[in-house]
Amino acid sequence: MLLKLWITVLLVTVCGATFFNPIVERLVEYKDAQNTVQQGFLAYPMFATPLKKRPAVIVFHAFTGRTEFDNGKARDLAKLGYVAFAADTYGKGKAASTVAGNFEIMGQLLGNRTTILRNRIMSSWNYVKALPFVDTNRIGSIGFCFGGLCTLDLARFNVGLKAAVSFHGTLTDYPGNGTTIDASVQAHHGDEDPHTTNADADAFLVEMRRRNGDWDFTRYAHALHAFTLPGVENWGIPGAAFNPIASNRSWSAMEAFLAEKLLC
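Residues numbered from 1 in each chain as written. Predicted model: local features only at pLDDT ≥ 70, side-chain atom pairs only at ≥ 80, totals over all residues. Heavy atoms only, no water.

S.K.: Mind laying out the overall build of the protein chain, listing which residues take part and the relevant values?
M.R.: Of the regular secondary structure elements, the protein chain holds 6 helices and 9 strands. Taking 264 residues into account, the globule formula puts the C-alpha radius of gyration at 18 Å, and the protein chain, at 17 Å, falls close to it. Dimensions of the protein chain, computed from the C-alpha atoms along their principal axes, are close to 45 × 40 × 40 Å. Within the protein chain, the proportion of its 264 residues that are buried is 55%. Sequence separation of 24 or more characterises 64% of the internal contacts of the protein chain that already satisfy a separation of 6 or more. When the accessible surface of the protein chain is split by element, carbon and sulfur atoms take 54% of a total near 11,000 Å². The distance from the centre of the 25 positive side-chain charges to the centre of the 23 negative ones in the protein chain is 8 Å. (Helix = DSSP H or I, 4+ residues; strand = E, 2+ residues; numbered from the N terminus. Rg over C-alpha atoms; globule rule 2.2 N^0.38 Å. Buried < 20%, exposed > 50% of the residue type's maximum accessible area, 1.4 Å probe, protein only. Contact = heavy atoms within 4.5 Å. Areas by Shrake-Rupley, 256 points an atom, 1.4 Å probe, with all protein chains shown as cover. Lys, Arg positive; Asp, Glu negative; His and termini not counted. Charge placed at Lys NZ, Arg CZ, Asp CG, Glu CD.)

S.K.: With reference to specific residues and values, describe unusual backbone geometry.
M.R.: The phi torsion at Cys145 lies on the positive side, around 55 degrees, for a residue other than glycine. Mapped onto the elements, Cys145 comes out in the loop between β6 (134-144) and α4 (146-156).

S.K.: An account of the UniProt feature "domain: Dienelactone hydrolase" (unreviewed entry) in the protein chain is requested, with residue identities and associated values reported.
M.R.: UniProt marks residues 48-260 with the feature "domain: Dienelactone hydrolase" (unreviewed entry), using the numbering shown here. In residues 48-260, the share of helix is 39% and the share of strand is 19%. The end C-alpha atoms are 20 Å apart. (UniProt positions renumbered as here; feature names shortened; annotations may be inferred.)

S.K.: Describe the nonpolar core, with residues and values.
M.R.: Core analysis: the largest hydrophobic core is formed by 79 residues, its most contacted members being Leu77, Ile142 and Leu258. Sort the elements by how many residues they give to this core and helix α6 (residues 244-263) lands first, with 7 residues. When sequence neighbours within four positions are dropped, the list of residues in contact with Leu258 reads Val57, Leu77, Tyr82, Ile142, Ala163, Val165 and Leu263. (Core = buried A, V, L, I, M, F, W, Y, C linked by side-chain atoms within 4.5 Å.)

S.K.: Lay out the pairing of β6 in plain terms, naming residues and giving numbers.
M.R.: Each regular strand shows side chains that alternate between the opposite faces of the sheet. Burial of β6 is extensive: 8 of the 11 residues sit out of reach of the surface. With 6 bridges joining them, strand β4 (residues 54-60) and β6 adopt parallel strand pairing. Within the sheet, the bridge partner assigned to Ala56 lies in β6 and is Ile139. By the bridge criterion, 5 bridges tie β6 to strand β7 (residues 163-167) in an arrangement that is parallel. Counterpart to Ile142 in the pairing with β7 is Val165. For the crossover from β6 across α4 to β7, the handedness is right-handed. (Pairing = 2+ DSSP bridges. Right-handed = clockwise from strand over helix to strand, strands pointing away.)

S.K.: Lay out the pairing of strand β9 (residues 215-220) with the relevant residues and their values.
M.R.: Across 6 bridges, strand β8 (residues 184-190) lies against β9 in parallel orientation. Paired with Ala187 across the bridge in β9 is Phe217. In this region the chain leaves β8, passes through helix α5 (residues 198-210) and returns to the parallel neighbour β9; the handedness of that crossover is right-handed.

S.K.: Describe helix α1 (residues 68-79), with residues and values.
M.R.: For the α-helix, the turn length of 3.6 residues means that residues three or four positions removed from each other point alike. For α1, with 12 residues, the first-to-last C-alpha span of 16 Å sits near the 16 Å given by 1.5 Å per residue. For α1, the full list of buried residues reads Asp70, Asn71, Gly72, Lys73, Ala74, Leu77 and Ala78. One or two steps after α1, the chain reaches Gly81, where phi turns positive at roughly 105 degrees. (Expected span 1.5 Å × (residues − 1).)

S.K.: Explain the confidence of the model for the protein chain to me, using residue names and the numbers behind them.
M.R.: Within the protein chain, residue pLDDT values average 92, and 92% of them lie at 70 or more. Residue range residues 1-14 is modelled with pLDDT below 50. Its contacts to residues more than four positions away, or to other chains, number 49 contacts. (pLDDT = per-residue confidence, 0-100.)

S.K.: An account of the pattern of salt bridges is needed here, citing residue identities and associated values.
M.R.: Per the stated rule, a full pass over the model turns up 16 salt bridges. Put simply, Arg156 and Asp153 hold a salt bridge, and the shortest N to O gap is 2.8 Å. With Arg156 and Asp153 both in helix α4 and 3 residues apart, this pair spans about one turn of that helix. This pair shows no difference in class: Arg156 is buried, exactly as Asp153 is. Between Lys261 and Asp214 there is a salt bridge, and its shortest N-O distance comes to 3.0 Å. Taken together, the residues Lys261 in helix α6 and Asp214 in the loop between α5 and β9 connect sequence positions 47 residues apart. Residues joined by salt bridges that share partners form a network here, namely Arg113, Asp153, Arg156, Asp173, Glu207, Arg210 and Arg211. (Salt bridge = Lys/Arg side-chain N within 4 Å of Asp/Glu carboxyl O.)

Right under this line is the structure:
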């Protein structure tokens, strides 16, 4: 369902070529297997058509639910030439107005990781894959905190995802394990994160080796949890703080990684 529409004209360089890049933006609704209505934010180059399909990137939100932060990341990706979709795993209008309320919603989804959460992740994947102007062989995903777990789980599902990037994400292996991972994986971890610890990071690397995946992993000095989220240190969450150096470096690394896997 079309709720809002914006068009922005931008000048962008992709793989050495500079061109004008009009961006289309809109809110959309879609449903999971249980008929739960989800509301995502779609941003894409206007020149994306069924005859000129574009690579796509799904953006999975943090514990906050989808916010303007995630919409902004989708816009940034659209400027780089991707069809970008800020997904919604909470459900339309379900995000709480408080930190505690959102942690409760996130906890419920994590407690149903192999059922409800999997269905919400897959409905986002299916929505993007069905867009007529998306090249289904070139779809990636990124995620922040809780969304990092979502993007890594989508990679673990081996559904055809090309690349997955996690920013300070939960790294816990998917229940039931699995022996392979088809998507290329990039993970960014705060070296002083007390929530996803260095022990968790080490276990994640063991998992990646066991799955024989194509991966790279970066730890950032002095970075706590949620280091890409401006103002998070004011939300009353111990061990979480924005770190502009780690945020900028990790985003730049992601740009190069996605360009390698999806664009050039």
